[in-house]
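# Observations on the three-dimensional arrangement
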Amino acid sequence: MERTLLVCGTFRMNLTTPSCAAGGGLQLMDALRSELLARGLGWTVARSVCLGHCTIGPNLKARGGPLLHGCRPETAAAIIDRLLVEWPVEEEPAEVAADACDWPPPGS
Ligand code: FES
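Below, the structure is looked at part by part. Note that the structure is a prediction, hence the values are computed from the model and not measured.

## Considering the overall build of the protein
Across its full length, the protein holds two helices and four strands. Going residue by residue from the N terminus, the α and β elements of the protein occur as β-α-β-β-β-α. Taken across its 108 residues, the protein has 32% of its residues classed as buried. Nonlocal contacts in the protein, meaning residues at least 24 apart in sequence, comprise 59% of its contacts between residues at least 6 apart. Total accessible area computed for the protein in this model is approximately 6900 Å², and 58% of it derives from carbon and sulfur atoms.

Spelled out as structure tokens, the structure:
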């Protein structure tokens, strides 16, 4: 399963209201991509819409994993270290051999 980090890159309409993009969310995306590349991890980093925790951002949601708050670009390495522990890899479904089923049924 592809691993995706959704990073909030939202600016709020009111510039006095905290937002992830104003707090470094876009720089966080770049820092995560650089760190993942350096480690040879093929995770995807994508910009997300507001995750609903604007005052404690920048926020990051690991798809199928934890939602992290206060993620700063300078902590990208620590974020990935944490996710490697807290974001378990789902088992891929076992491949079914092509000859495992009789379809079409013999004689049909
Ligand atoms: S602006 Fe990022 S959670 Fe709302």
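## Observations concerning the nonpolar core
Leu 5, Leu 32, Leu 60, Ile 79 and Leu 83 are the most contacted members of the largest nonpolar core, which has 18 residues in total. Elements that contribute at least two residues to this core include exactly strand E1 (4–8), helix H1 (25–39), strand E3 (60–62) and helix H2 (76–86). Per-element accounting of this core gives the leading share, five residues, to H1. When near neighbours in sequence (up to four residues on either side) are disregarded, Leu 5 contacts Leu 32, Leu 36, Trp 43, Thr 44, Val 45, Ala 46, Leu 60, Lys 61, Ala 62, Leu 83 and Trp 87.

## Focus: the pattern of salt bridges
Under the definition given, this model contains five salt bridges. Close ionic contact of Glu 86 with Arg 82 constitutes a salt bridge, the shortest N to O distance being 3.0 Å. Residue Glu 86 and its partner Arg 82 are both found in helix H2; the two are separated by four residues, about one turn of the helix. Owing to a relative accessible area of 37%, Glu 86 belongs among the partly exposed residues under this scheme. Within the structure, one salt-bridge network assembled from shared partners comprises Glu 35, Arg 39 and Asp 81.

Conventions adopted
Residues numbered from 1 in each chain as written. Predicted model: local features only at pLDDT ≥ 70, side-chain atom pairs only at ≥ 80, totals over all residues. Heavy atoms only, no water. Helix = DSSP H or I, 4+ residues; strand = E, 2+ residues; numbered from the N terminus. Buried < 20%, exposed > 50% of the residue type's maximum accessible area, 1.4 Å probe, protein only. Contact = heavy atoms within 4.5 Å. Areas by Shrake-Rupley, 256 points an atom, 1.4 Å probe, with all protein chains shown as cover. Core = buried A, V, L, I, M, F, W, Y, C linked by side-chain atoms within 4.5 Å. Salt bridge = Lys/Arg side-chain N within 4 Å of Asp/Glu carboxyl O.

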